[in-house]
Protein chains: 2
Amino acid sequence: MQESSLRHAEEINSYLKALRHDLREHERLKLLLYIASTISQEMKLDKLLTLIMDEVKQVLQCDRCSVFILDRERGELWSHVAHGEEEIRFAAHLGIAGHVVATGKVINIPDAYSDVRFNPNIDKQTGYRTQNILAAPMRNKMGEIIGVFQAINKFQGAFIREDEELLDAISAIAATQIENAQLYENQKKTFDSLVETLASTIDARDPLTAGHSKRIALYADELAKVLHLSDQEREILRISALLHDYGKIAVREAILTKDGRLTEEEFKHIQNHPQFTRVILQKINFSKELQQVPLIAASHHERIDGTGYPSGLRDEQIPPLSKILAVADVYDALTSKRHYRNRMRFLQVIDILIQGSGSHFDPFYVDAFKKIKLDRLVRILEDEYVEQLDPDDLTFMSKFDIVDLLAAQHNSKTFGAAKRLLRIFNKYYNRDYLHDRL
Amino acid sequence: MQESSLRHAEEINSYLKALRHDLREHERLKLLLYIASTISQEMKLDKLLTLIMDEVKQVLQCDRCSVFILDRERGELWSHVAHGEEEIRFAAHLGIAGHVVATGKVINIPDAYSDVRFNPNIDKQTGYRTQNILAAPMRNKMGEIIGVFQAINKFQGAFIREDEELLDAISAIAATQIENAQLYENQKKTFDSLVETLASTIDARDPLTAGHSKRIALYADELAKVLHLSDQEREILRISALLHDYGKIAVREAILTKDGRLTEEEFKHIQNHPQFTRVILQKINFSKELQQVPLIAASHHERIDGTGYPSGLRDEQIPPLSKILAVADVYDALTSKRHYRNRMRFLQVIDILIQGSGSHFDPFYVDAFKKIKLDRLVRILEDEYVEQLDPDDLTFMSKFDIVDLLAAQHNSKTFGAAKRLLRIFNKYYNRDYLHDRL
């Protein structure tokens, strides 16, 4: 009986052991499936990388995790948010991550400071103390290494064999989704640069408007930020702004670039351009989010009193984003330098916007425009010379908006800060700083 | 002792049961993880749908599987490859799939012909015999139904509870990836239509070249098909063809549309357009696959004897895809109708290509061009009137290429088929068919 009991006990023990193993394996699979389904939902590369790093930190129970992406063209590894901060880049053969790229093998270092492959310089710079590291290659479906996972400082003890296997399994899942996100991002970049190229080629047809479409997009985006518009609205606005004058491609060059006064007929021909913009942009198969672009882009010459063109829409009939374009469009036209003259005086420009408030422009957007910080205005105005702007001046101007500038104008005799503000802003607005360097 | 043995036996039994359950659950998780990792690798929507349907068929051990995608805008369900054939579309409330969309619930029908929701008409049309059906909604991360899974004819018996659960789990995984693929596809569509719009606006500046960029892209693609170029090469060629004249935006309109003979200086100015094309396209952040587009597009006026422009490249210095553009460009220019005249005679056009072979053109591509089927040529030539082409004529012409047509020309007195070929082709080429309808 004793023997039989013993046998039973052994059997039960072995069943229990198998069960425990299965359960562990089971938990692992559940975890992987959870991670796969979580990360497959994110197609924006930077968000995806943060998500992956957060998941890995939690799964491996460690303090930090970085994902380094291999840029084969430049022979570099980069990380968007290594340690949750800005992008870092380094030659693809350096450090632990470089070792992983070179060997294609997992590296598990239980004690960083006793391992020659570890470079303690970063710790020295950051004050962080690395104890242990687990690094694994990330491979795509073709088996090519596309990046490296690096987990640092396991909370309890060092990384174990099971962690290595887990990280390896996660790597495969992550690599696929990172490649998907890269594909998507590259396509978006191509689209964006195509739109920008279009915009600049249109502007280039008329030397007087060079850079106009880019600037109107930047001003409109500043307005969008003042108004806390959503990312999606900002994107619609940006594309609409860049393409708002595309219809000018159908305007006869002789009229577009005519030096003297336009005849009434010529003026009418030019006034067709928003309508051309609409017709052309409607041929583009915009995604659902960008469906409104043709209408918004084509309504930048409407006026809230209904006297605008091409459709003579009134106030609430005009898309709000077109109202933003109207303000930005006029502001840029008036503040653009000409070959033969400097910009219109700033106070006069603002006065024109205020005078047009309620007839040409929706007052709400003119008021919002006045809340744009002065450093932003100067950066856009002087886009071509942006490296020549004094960083201290920009920091100073970033504390004030147009409302402050107008107030300073009235108070310039009394306050030192007001004087300084006027002096610095005018230096850039009147382009005196360029003479400084000549 | 008996009692104790019994207790042991019961315990062991219950352990075994638990173990079996775990193992089954374990297999299920492994399967789901495998499916997740397989389908996450596919970003092309049509391939993805086929892949998902294949996986489900195998996992559920059934004869057929369809994925219906919900098109909310049109209120329709569609399937790319239902039953492995062409796209079908129907109102989103119809059939079993419509029930699933309306109720959001899984439908498991063990005997189709005894269920009122089943519509036997499709079986009648196709001769297929549906026995049992399992249909489940596909939901995205927001819980919205984006489509319906439909599995038909389980190999052994009907679908069971476990199949339902499995399909439900796969649905969630599939929905995410389908949305990713749709996102990617929509972006691609927007990009493509933007490029096409660009191309047509450029062509529109000069009435003589209306539609030219689109046609050169179509001719080039026919050449690509004759030469069995890869999908990627065809894509590079298509984009390059559509944008090859984009530099004309920088050519002065007065010269571009001048009626009389150009002065030497004016001609030189026009000859700058490929160089402008290159400069402009180089500003676009093309993906790695499309990096060659600016160079290929800009080299369409190079000649293999080195007398072309802008760079005077010789034979092997000219990118092969540019050599294709050169042939397609000249062919389209010569076969384009003008307001004041019909097309140049076809034999004369081909003669010019052959005469230019070895000096202007690479003979390899002229020979390939002659292998394009005549129905394809006619479709592109008469793109605007494509609905007026007689399908029977097209089918007939699809059996012959330019080589055949040239041979027919020599043999027209002897062979009936040759005569017919010449008569039909000339009817379209000389646009006599348009008079037929007037």
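Since the structure is predicted, the reported quantities are computational estimates derived from the model, not experimental observations.

Looking only at helices and strands, chain A has 19 helices and 6 strands in total. A globule of 438 residues ought to have a C-alpha radius of gyration of about 22 Å, yet chain A, at 30 Å, is considerably larger. Across the 438 residues of chain A, 36% fall into the buried class. Put simply, of all contacts in chain A between residues at least 6 apart along the chain, 58% involve residues at least 24 apart.

Before going further, it helps to examine the relation of the copies chain A and chain B. Overlaying chain A with chain B gives an RMSD of 0.2 Å, the required rotation being 180 degrees about an axis along which the chain moves by 0.0 Å. Such a combination of turn and shift is consistent with a two-fold rotation axis.

Residue and element names in this part refer to chain B. Relative to each other, helix α2 (residues 45–60) and helix α5 (residues 161–205) sit at 170 degrees, their axes nearing to 10 Å. For the element pair α2 / α5, the angle class is roughly antiparallel. When α2 is examined against α5, the residues L45, L48, I52, V56, V59 and L60 are found in contact with a partner set consisting of D163, L166, L167, I170, A174, Q177, I178, A181, Q182 and E185. Looking at the contact of α2 with α5 residue by residue, the classes come out as 12 nonpolar, 2 polar and 2 charged.

Quick look at the nonpolar core now. By size, the foremost hydrophobic cluster in this structure holds 117 residues, and its most contacted members are A:A220, A:V327, B:A220 and B:V327. Setting aside its immediate chain neighbours within four residues, B:V327 contacts B:L223, B:L353, B:F361, B:Y365, B:V366 and B:F369.

Moving on, we come to the sheet that holds strand β5 (residues 133–139) of chain A. All names here are of chain A. Pairing is antiparallel across the open sheet formed by 6 strands, whose spatial order is β3-β2-β1-β6-β5-β4. Each of the sheet's edge strands pairs with one partner strand only, and the pair in question is β3 (88–91) and β4 (107–109). Each strand of the sheet is rotated relative to its neighbour by a mean of 20 degrees, with strand direction disregarded. The pairing of strand β2 (residues 76–79) with β3 spans 4 bridges and is classified as antiparallel. Bridge pairing in β3 links S79 to I88. Each of β1 (62–71) and β6 (145–154) touches helix α2 (residues 45–60); the most contacted strand, β1, lies at about 140 degrees to it.

Turning to the interface of chain A and chain B, a few remarks are in order. Taken together, the contacts link 51 residues of chain A with 51 residues of chain B. Within the residue set of the side of chain A that touches chain B, elements represented by two or more residues are α1 (2–39), α5 (161–205) and α8 (253–256) of chain A. For the side of chain A that touches chain B, the class distribution of residues is 24 nonpolar, 16 polar and 11 charged.

Under the domain assignment, chain A is made up of domain 1 (40–183) and domain 2 (206–372). For domain 1 of chain A and domain 2 of chain A, the distance between their C-alpha centroids amounts to 47 Å.

Residues and elements named next belong to chain A. For β5, a buried count of 6 out of 7 residues is recorded, marking the element as mostly surrounded by other parts of the structure. As paired strands, β4 and β5 are joined by 3 bridges and run antiparallel to one another. For I109, the partnering residue across the bridge sits in β5 and is I133. Inspection of the sheet shows β5 paired to β6 by 7 bridges, in the antiparallel sense. Bridge pairing in β6 links R139 to I145. Here β5 hands over to β6 after 5 residues, with G143 in that stretch at a positive phi of 80 degrees.

The subject of this paragraph is the sheet that holds strand β2 (residues 76–79) of chain B. All names here are of chain B. Taken in spatial order, the 6 strands make up an open sheet running β3-β2-β1-β6-β5-β4, and their pairing is antiparallel. A strand with exactly one partner marks an edge of an open sheet, and here the two such strands are β3 (88–91) and β4 (107–109). The average undirected angle you get between the axes of adjacent strands in this sheet is 20 degrees. Seen against the sheet, α2 touches β1 (62–71) and β6 (145–154) and runs at an angle of roughly 140 degrees to β1. Lying on the sheet, α5 is in contact with β4, β5 (133–139) and β6; it crosses β5 at an angle near 40 degrees.

All right, on to helix α6 (residues 212–226) of chain B then. All names here are of chain B. The terminal C-alpha atoms of α6 lie 21 Å apart, and with 15 residues this matches the ideal 21 Å at 1.5 Å per residue to within 8%. Extensive coverage of α6 is indicated by the burial of 12 of its 15 residues. Looking at α6, one finds that the buried residues are H212, S213, R215, I216, A217, L218, Y219, A220, D221, E222, L223 and A224. A positive phi of about 55 degrees marks H228, the residue just after α6.

Okay, the packing of α6(B) against helix α12 (residues 320–335) of chain B next. Residue and element names in this part refer to chain B. Running from N to C, α6 and α12 point in directions that differ by 130 degrees, and their axes come no closer than 9 Å. The orientation of α6 with respect to α12, classified from their angle, is oblique. For the crossing formed where α6 meets α12, the hand is right-handed. Touching H212, R215, I216, Y219, A220 and L223 of α6 are I324, L325, V327, A328, D329, Y331 and D332, all from α12. Split into classes, the residues belonging to the contact of α6 with α12 amount to 9 nonpolar, 1 polar and 3 charged.

What follows is about unusual backbone geometry. Negative phi is the rule for most residues except glycine; trans is the rule for most peptide bonds. Residue and element names in this part refer to chain A. P310 follows Y309 through a cis peptide bond whose omega is 10 degrees. Here P310 is to be found in the loop between α11 (293–298) and α12 (320–335). A positive phi is found at Q61, a non-glycine position, where the angle reads about 50 degrees. A count of 13 C-beta atoms within 10 Å places Q61 in the partly exposed class.

Here the focus is the confidence of the model for chain A. Residue and element names in this part refer to chain A. Mean pLDDT for chain A: 88, with 95% of residues reaching 70 or above. Within chain A, the lowest mean pLDDT, 68, falls on helix α19 (residues 432–437), and the highest, 98, falls on helix α14 (residues 363–369). Overall fold confidence for the complex sits at a pTM of 0.82, while the interface term, ipTM, reaches 0.79.

All names here are of chain B. With respect to the element layout, L77 can be found in strand β2. By the C-beta count within 10 Å, which is 26 here, L77 ends up buried. Through-space distance from the C-alpha of L77 to that of Q177 is 18 Å; in sequence the pair is 100 residues apart. Ignoring sequence-local partners within four residues, the contact set of L77 consists of F68, I69, L70, F90, A92, A97, G98, V101 and V148.

Next up on the list: the pairing of β6(B). Residues and elements named next belong to chain B. Extensive coverage of β6 is indicated by the burial of 7 of its 10 residues. Looking at chain direction, β1 and β6 are connected through 7 bridges and run antiparallel. Its bridge partner lying in β6, R64 is registered against I152.

Another aspect to go through is the environment of B:Q131. All names here are of chain B. Within the secondary structure, Q131 sits in the loop between α4 (121–126) and β5. By C-beta crowding, Q131 is classed as partly exposed, having 16 other C-beta atoms within 10 Å. Apart from the residues lying within four places of it in its own chain, the contact partners of Q131 are A112 and N153.

So, about the environment of B:V366. Residue and element names in this part refer to chain B. Structurally, the position occupied by V366 is in helix α14 (residues 363–369). Judged by the 22 C-beta atoms lying within 10 Å of it, V366 falls in the buried class. The spacing of V366 and I324 is 42 residues in sequence and 8.5 Å in space, taken between C-alpha atoms. Beyond its immediate chain neighbours, meaning those up to four positions away, V366 contacts V327, L353, I354, S357 and F361.

So, how was this worked out
Residues numbered from 1 in each chain as written. Chains lettered and ligands numbered in written order. Predicted model: local features only at pLDDT ≥ 70, side-chain atom pairs only at ≥ 80, totals over all residues. Helix = DSSP H or I, 4+ residues; strand = E, 2+ residues; numbered from the N terminus. Rg over C-alpha atoms; globule rule 2.2 N^0.38 Å. Buried ≥ 20, exposed ≤ 12 C-beta atoms within 10 Å, placed from the backbone. Contact = placed C-beta atoms within 7 Å. Least-squares fit on C-alpha atoms with pLDDT ≥ 70 in both. Axes fitted to C-alpha atoms, helices over the stretch in contact; angles between N-to-C directions. Parallel < 35°, antiparallel > 145°, perpendicular 65-115°, else oblique. Nonpolar A, V, L, I, M, F, W, Y, C, P; charged D, E, K, R; others polar. Core = buried A, V, L, I, M, F, W, Y, C linked by C-beta atoms within 7 Å. Pairing = 2+ DSSP bridges. Domains from an automatic or database assignment. Expected span 1.5 Å × (residues − 1). Left-handed = near helix turned anticlockwise from the far one by under 90°. pLDDT = per-residue confidence, 0-100.

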